[in-house]
Amino acid sequence: MLLKTMLATATFLAVALSPVAAQDKVKINISGSDTMNLLTQRLAETYSKKHANVEISVRGGGSGTGIADLLNGLVDIAQASRKMKEKEIATAKENGYDPAEYVVALDGIAIAVHESNPVKSLTIGQLRALYSGAVKNWSEIDPNLPSAPVVLFSRESNCGTYDFFKEHVMKDATFAPNTSYLAATAAVANSVTKEPNAIGFGGVSYFVRPEGLRVVPISVDKDSPAVNPIDVVHHHVNLAVIQDGSYPISRPLQYYTPEEASGEVKSFLDWIISDEGQAIVLREEYIPLGNSAPTSESKAQ
Amino acid sequence: MSASAPPLDAPGEKNPPASGSPSFSPKAVRDRVRHSTPFIQRLKEFAIEKLLALSGWLSILFILLIFVFLFKEGLLALRQVESLSTFFYSVEPVMAYDAATAETKIVGEAVAYKWEPVSTPPRLSILPLLWGSFGVALLSAVLSTLSGIAVGVFLSEMASEKTRNLVKPALELLVGIPTVVIGFFMLTVVAIPLKNILNPADGTSLIPAYQSLYNMFVGSLGVSVVIVPVIASLVDDALRAVPMDLRAASLSLGATRWQTTWRVVLPAGVSGVLSAVILGFGRAIGETMIVLMCAGSAPQISLNPFDSTRTMTATIAAEMGAAQQGSLHMHTLFLVGAILVTLAFFLNLTVELIANHYRKKIRL
Amino acid sequence: MASSPPELREHKSIAGFPKHGAPDPSKYYVDIQKLSVFYGEKQALFGVSLGVARNEVLALIGPSGCGKSTLVKAVNRISELTPNVRIDGDIRINGETIFGEKADIITLRQRVGMVFQRPNPFPKSIYENVVYGLRLHGVRDRKTLDDVVEWALRHAALWDEVKDRLKTSALELSGGQQQRLCIARAIAVQPDVLLMDEPCSALDPIATAKIEDLILELKKDYTILIVTHNMQQAARVSDYTALMWLGKLIEHAPTEEIFTNPKEKITEDYITGRNG
Ligand SMILES: Nc1ncnc2c1ncn2[C@@H]1O[C@H](COP(=O)(O)OP(=O)(O)OP(=O)(O)O)[C@@H](O)[C@H]1O
Ligand SMILES: [Mg+2]
């Protein structure tokens, strides 16, 4: 709270004291999901190059942080790798906002293991077994796997990836107590490359060029085919399986605005959905919105 | 000093400097001293005194405000829960894996100590966090107390002036290194070789329990890097405050240097040494970045010091930014903060009491 | 008074060779030869040669800052504690040099006890203060320790005052009592030379008289160097007196001679109180 107050004060001061020359510039403040940070930064850079009157500042902190900032009126856009929660929407209403949602891209959660781990594929149920601690040794999943204790890595609870994983994989289970929570997907990827018995998860785009680790194909259940979100031959995201939703752990990435977007913010959002914007999405190894984006449609409602 | 300048009010006296009599007039000086303390001087004195008092009171006020704020926010958490047990344990489903269907199902319920603040309902057992903080602090204390005291004793009792002038600034520099740098160093340079040495993959393990790359031990090692110099420096100061006379007395009775240190200097400086150790412990409890980076951040209660762990400080640092304002999660983080401040308070109180106790006893 | 406990009076060689093979001792038991002491750049003693014969008392007198403490501290090499101190010349005890390469500083200090200018009891009990030196050398036997404590405290004229509170902290004693405790502590290890640096400067006349009696008594067994600013004391307790001045030895003669018929003008002025 203190932090927030300080931030608010700082923002206020920054705005109040910014030089006169900047006054005719429109400022768009964005904060939120760390997974989306890189993408938003690229988008902002390109956009403000073309629109000299717009200045866009992008901050991470996690989806929760972004939404909290939005509800406190600190930002114009919150980037979130998860949907706003009922509670958050309620708070927004209390604060006099009516947040609008804009899906800008898609993402998938990749499950990664050490490159030496021979595991071929995992079901959602097996993932849940591993992360809830029901299974503590790799050989319990498959006798062909090494008899070694599972080392679990997760993102910190302040990020959309965590929420998404908890909702779609863990369901009513809680994480095993020995789960290590790391502050960034890069840290997860890094740790998995160093721990032979590790398993970790994070945004697909972090695992396009896996070095020292392997992305595991995931299936909904035992009878469904396992799907790999990465095209391991060509080192890019397996666009099709995410756009058509056949990869079980994929999700939309969205922006929230306090109200229906208008003015410069709206132009920015429109531009992102345009071919030009989506090309950047693709280039940054996120997943562009296809003609049909069932994952996003089904959840956006 | 010229003899030609006669003193002001003793014209009659002969006054060659060589004779040893003063070349100034005692009376003039006396008048000056007694009658002319200028008003400005007094004002200055007054202002300085009040300014110092003010800054003293301000710092006390500031600390009080922190206390009040933390407790006010933290205690709100108590009101937000139905039962205080929320802060200690929760009843969780027991999951079992069915290899035939590759599914994981609930098979029962059990008490669990979980810190999983972002879930419905939030799991907010502070026990694993307390465990982590005390575990790291105790382990760091074990790792650093002896070496810290040893270095302090070396500096104060054995080292030549030259060595000391080299080592002491080096130690102070070490204390001054931002802990995030030490954390980063442990994370990238130390953690992996350490595990490879203590539990190599080829099965010739020294410590089979060493499974996690980032764990309480690595964290404590990093924290020790910070507190060894803290303890060493404080011990050095404490021992150097022991009067030289006592060392001379001991040596003059035929004691060796080591006997003198062990039998006289250390006992005489024991309050300082104890204070140093407790302050080191407090520093370890309060340490944030190192444990956040390389202790593994797993909120679990495990007796194995080579398991990952999560401390109160690391939790606050990792979660405060994203916790929703007014939420139970945020207030619980404040509660954890209040616990930390209370701990710090009592540790400092202990230091003060110990110091007082020995000060009376030893009257140094 | 009881004489010293027997088993504690064996004399090890300081210089590392057996006593009987030692070179013929000079007439002085403690023989200071051309001693110069420097504190960094500053020279505090200028080639002082001086000695004390066995079982005699030498009083060192002279104005403040003339180097008396410096001289005394050189005899048990405690001056080496001071950083940047440099010593030239030689000191022999019973004919053995104390500065030789083989010289054993521990043995030297066991044999040359010292009482400091300011009382410096350890922050321990009275009892533990007295037995400190014995414990260092592994004496554990309770009876011996008790006997030594009583013997040493009696000799230091402190026994009657403290016999009921031997376990209380030495720091609760008055300054004068503390000084007598330090004397007891020094004699408890049975040295054969005793260095006393103004031992009575903090004592009242009664305690001073007691210490003076003690010195006369100890003389039977010890060789004593005592620094004092008190002329009467020097006259009362010493066999020889040496006057020092600005780091130099001015006169060294039998006490009676110094006080009745000094050869040097400085000495005469000093002892009659006309200078310094
Ligand atoms: N540690 C030291 N460092 C530098 N100079 C010293 C030191 N100790 C003594 N001196 C100097 O050496 C000289 C002799 O000092 P010393 O203490 O031997 O005098 P003293 O005769 O014992 O005087 P007093 O009667 O006051 O005890 C003095 O000039 C003093 O300033
Ligand atoms: Mg002196």
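So, how was this worked out
- Residues numbered from 1 in each chain as written.
- Chains lettered and ligands numbered in written order.
- Predicted model: local features only at pLDDT ≥ 70, side-chain atom pairs only at ≥ 80, totals over all residues.
- Heavy atoms only, no water.
- Pairing = 2+ DSSP bridges.
- Helix = DSSP H or I, 4+ residues; strand = E, 2+ residues; numbered from the N terminus.
- Axes fitted to C-alpha atoms, helices over the stretch in contact; angles between N-to-C directions.
- Contact = heavy atoms within 4.5 Å.
- Buried area = accessible area lost by both parts, 1.4 Å probe.
- Salt bridge = Lys/Arg side-chain N within 4 Å of Asp/Glu carboxyl O.
- Polar contact = N/O pair within 3.5 Å; in protein donor to acceptor, adjacent residues only side chain to side chain.
- Nonpolar A, V, L, I, M, F, W, Y, C, P; charged D, E, K, R; others polar.
- Donors = N, O, S within 2.8 Å, 3.2 Å for Na, K, Ca; no water.
- Buried < 20%, exposed > 50% of the residue type's maximum accessible area, 1.4 Å probe, protein only.
- Patch = residues over 30% accessible without salt bridge, like charges linked within 9 Å, V, L, I, M, F, W, Y side chains within 5 Å.
- Areas by Shrake-Rupley, 256 points an atom, 1.4 Å probe, with all protein chains shown as cover.
- Domains from an automatic or database assignment.
- Core = buried A, V, L, I, M, F, W, Y, C linked by side-chain atoms within 4.5 Å.
- Near = heavy atom within 4 Å.
- Parallel < 35°, antiparallel > 145°, perpendicular 65-115°, else oblique.
- Left-handed = near helix turned anticlockwise from the far one by under 90°.
- Phe/Tyr/Trp six-rings, centres within 6.5 Å; stacked < 30°, edge-to-face > 60°.
- Lys NZ or Arg CZ within 6 Å of the ring centre and 35° of its normal.

**Side note on the sheet that holds strand 6 (residues 112–115) of chain C**
Residues and elements named next belong to chain C.
Then, number 1: A sheet is described by the order of its strands in space; here six strands give the open sequence 6-7-8-3-9-10, paired in mixed fashion. The open sheet has two free edges, formed respectively by strand 6 and strand 10 (248–254), since each of these has just one partner strand. Strand-to-strand twist in this sheet, taken as the mean axis angle between neighbours without regard to direction, amounts to 15°.
Then, number 2: The pairing of strand 9 (residues 240–245) with strand 10 spans six bridges and is antiparallel.

**Considering the interface of chain A and chain B**
Then, number 1: Taken together, the contact between chain A and chain B spans 46 residues of the former and 41 residues of the latter.
Then, number 2: Of the roughly 3500 Å² buried between chain A and chain B, counting both surfaces, carbon and sulfur atoms make up 53%.
Then, number 3: A:Lys166 is the partner of B:Glu116 in a salt bridge, and the nearest nitrogen-oxygen pair spans 2.5 Å.
Then, number 4: For the pair chain A and chain B, the interface holds 14 residue pairs in polar contact (both at pLDDT 80 or more).
Then, number 5: Elements with a contribution of two residues or more to the side of chain A that touches chain B: helix 3 (63–71), helix 4 (86–94), helix 5 (124–132), helix 6 (138–141), strand 6 (151–155), helix 7 (160–170), strand 7 (180–182) and helix 8 (185–194) of chain A.
Then, number 6: Residue contributions to the side of chain A that touches chain B peak at five residues, all from helix 5 of chain A.
Then, number 7: For the side of chain A that touches chain B, the residue count by class is 15 nonpolar, 17 polar and 14 charged.

**Re the coordination of the magnesium ion (ligand 2)**
Tetrahedral metal sites with four donors have an ideal angle of 109.5 degrees; octahedral sites with six donors have ideal angles of 90 or 180 degrees.
All names here are of chain C.
Then, number 1: On the protein side, the magnesium ion (ligand 2) has Ser-69 (OG) and Gln-117 (OE1) as donor atoms, found 1.9 to 2.5 Å from it. Note that Ser-69 is positioned in helix 1 (residues 68–75) and Gln-117 in the loop between strand 6 and helix 3 (126–136), a separation of 48 residues in sequence.
Then, number 2: Residue Gln-117 is classed as partly exposed on the basis of its relative accessible area of 33%.

**Some thoughts on the sheet that holds strand 2 (residues 42–52) of chain C**
Residue and element names in this part refer to chain C.
Then, number 1: With respect to topology, four strands assemble into an open sheet ordered 2-1-4-5, the strand pairing being antiparallel. Looking along the sheet, the strands with just one partner apiece sit at the ends: strand 2 and strand 5 (96–97).
Then, number 2: Sheet analysis places strand 1 (residues 30–39) next to strand 4 (residues 85–93), joined by eight bridges and oriented antiparallel. In the sheet register, Ile-32 faces strand 4, and the bridge partner there is Ile-91.
Then, number 3: Along the sheet face, helix 1 touches strand 1, strand 2 and strand 4 and points at about 120° away from the line of strand 1.

**A look at the pattern of salt bridges**
Then, number 1: Using the criterion set out here, one finds 36 salt bridges over all chains in the structure.
Then, number 2: A:Glu101 is the partner of A:Lys83 in a salt bridge, and the nearest nitrogen-oxygen pair spans 2.5 Å. Of this pair, A:Lys83 sits in the loop between strand 3 (77–80) and helix 4 while A:Glu101 sits in strand 4 (residues 100–114), placing them 18 residues apart in sequence.
Then, number 3: Judged by relative accessible area, A:Lys83 falls into the buried class, the value being 16%.
Then, number 4: Relative accessible area serves as the criterion here: at 28%, A:Glu101 is assigned to the partly exposed category.
Then, number 5: Note that C:Asp239 is salt-bridged to C:Lys219, the shortest N-O span being 3.0 Å. With C:Asp239 in the loop between helix 8 (231–237) and strand 9 and C:Lys219 in the loop between helix 7 (205–218) and strand 8 (223–227), this residue pair connects regions lying 20 residues apart in the sequence.
Then, number 6: Since its relative accessible area comes to 23%, C:Asp239 is described here as partly exposed.
Then, number 7: If you follow the salt bridges from partner to partner, you end up with B:Arg164, B:Lys168, B:Asp236 and B:Asp237 in one network.

**Comments concerning a nonpolar patch on the surface**
Then, number 1: A surface patch of nonpolar side chains, about 1000 Å² in accessible area, is lined by B:Leu75, B:Leu78, B:Leu84, B:Phe88, B:Tyr89, B:Val91, B:Val111, B:Tyr113, B:Trp131, B:Ile301 and B:Leu303.
Then, number 2: With respect to the element layout, B:Tyr89 can be found in the loop between helix 2 (39–80) and strand 1 (90–98).

**Section: the domain arrangement of chain B**
Many structure descriptions define interface size as the accessible area lost when the parts assemble.
Residue and element names in this part refer to chain B.
Then, number 1: Taken domain by domain, chain B comprises domain 1 (85–116) and domain 2 (126–362).
Then, number 2: Computed over C-alpha atoms, the centres of domain 1 and domain 2 are 36 Å apart.
Then, number 3: Facing the four residues of domain 1 at the interface are 14 residues of domain 2.
Then, number 4: Summed over the three residues of domain 1 that lose the most area to domain 2, namely Phe-87, Tyr-113 and Trp-115, the buried surface amounts to 85% of that side.
Then, number 5: Taken together, domain 1 and domain 2 are joined by zero salt bridges.
Then, number 6: At the junction of domain 1 with domain 2, the criterion picks out two residue pairs in polar contact (both at pLDDT 80 or more).
Then, number 7: When the residues that make up the side of domain 1 that touches domain 2 are grouped by side-chain class, the tally is four nonpolar, no polar and no charged.

**Considering the nonpolar core**
Then, number 1: By size, the foremost hydrophobic cluster in this structure holds 110 residues, and its most contacted members are A:Ile111, A:Leu122, A:Leu127, A:Phe165, A:Ile199 and A:Ile249.
Then, number 2: At 12 residues, helix 12 (residues 328–362) of chain B tops the list of elements feeding residues into this core.
Then, number 3: When residues no more than four places from it in sequence are discounted, the contact partners of A:Ile111 are A:Leu122, A:Leu127, A:Phe165, A:Ile199, A:Gly200, A:Phe201, A:Arg214, A:Val215, A:Val216, A:Ile218, A:Tyr247 and A:Ile249.
Then, number 4: In terms of nonpolar packing, the next biggest core, distinct from the first, is built from 102 residues, C:Leu71, C:Val139, C:Ala207 and C:Leu243 among them.

**Focus on the environment of C:Ile61**
Residues and elements named next belong to chain C.
Then, number 1: Among the structural elements, Ile-61 can be located in strand 3 (residues 57–61).
Then, number 2: Linking Ile-61 and Thr-241, residues 180 residues apart in sequence, is a C-alpha distance of 7.3 Å.
Then, number 3: Setting aside its immediate chain neighbours within four residues, Ile-61 contacts Lys-68, Thr-228, Met-231, Ala-234, Thr-241, Ala-242, Leu-243, Met-244, Tyr-270 and Ile-271.

**Thoughts on the site of ligand 1**
Residue and element names in this part refer to chain C.
Then, number 1: Within the structure, ligand 1 sits among 14 residues, and Ser-64, Gly-65, Lys-68, Ser-69 and Thr-70 are positioned closest to it.
Then, number 2: Here an oxygen atom of ligand 1 and a side-chain polar atom of Thr-70 are 2.5 Å apart.
Then, number 3: The fraction of the free accessible surface of ligand 1 (630 Å²) that becomes covered by protein chains is 67%.
Then, number 4: Looking at the shell around ligand 1, the element that brings in the most residues is helix 1, giving three residues.
Then, number 5: Along the lines of polarity and charge, the residues of the shell around ligand 1 split into three nonpolar, eight polar and three charged.

**Regarding the packing of helix 3 of chain C against helix 6 (residues 175–188) of chain C**
Residue and element names in this part refer to chain C.
Then, number 1: Viewed as axis vectors pointing N to C, helix 3 and helix 6 meet at an angle of 30°, and their least axial separation amounts to 7 Å. Relative to helix 6, the element helix 3 lies roughly parallel. Crossing of helix 3 over helix 6 shows right-handed handedness. In contact with Ile-126, Asn-129, Val-130 and Leu-134 of helix 3, helix 6 contributes Leu-181, Ala-184, Arg-185 and Ala-188.
Then, number 2: Per-class residue counts for the contact of helix 3 with helix 6 are six nonpolar, one polar and one charged.

**Regarding the packing of aromatic side chains**
Then, number 1: Evaluation of the coordinates by the stated rule reveals 21 aromatic pairs over all chains.
Then, number 2: On the basis of an interplanar angle of 80° and a centroid distance of 5.4 Å, the ring pair of B:Phe345 and B:Phe346 is categorised as edge-to-face.
Then, number 3: With a centroid separation of 6.4 Å and 85° between ring planes, the pair formed by C:Trp245 and C:Tyr270 is classed as edge-to-face. On the criterion of sequence distance, the pair formed by C:Trp245 in strand 9 and C:Tyr270 in helix 10 (residues 265–271) is long-range, its members being 25 residues apart. Like C:Tyr270, C:Trp245 is buried.
Then, number 4: Linked through ring pairs, A:Tyr131, A:Tyr162, A:Phe165, A:Phe175, A:Tyr181 and A:Phe201 together constitute an aromatic cluster.
Then, number 5: C:Lys167 extends its terminal NZ or CZ atom over the ring of C:Tyr127, reaching a point 3.9 Å from the ring centre.
Then, number 6: Lying across the ring of C:Phe122, C:Arg185 places its NZ or CZ 4.5 Å from the centre.

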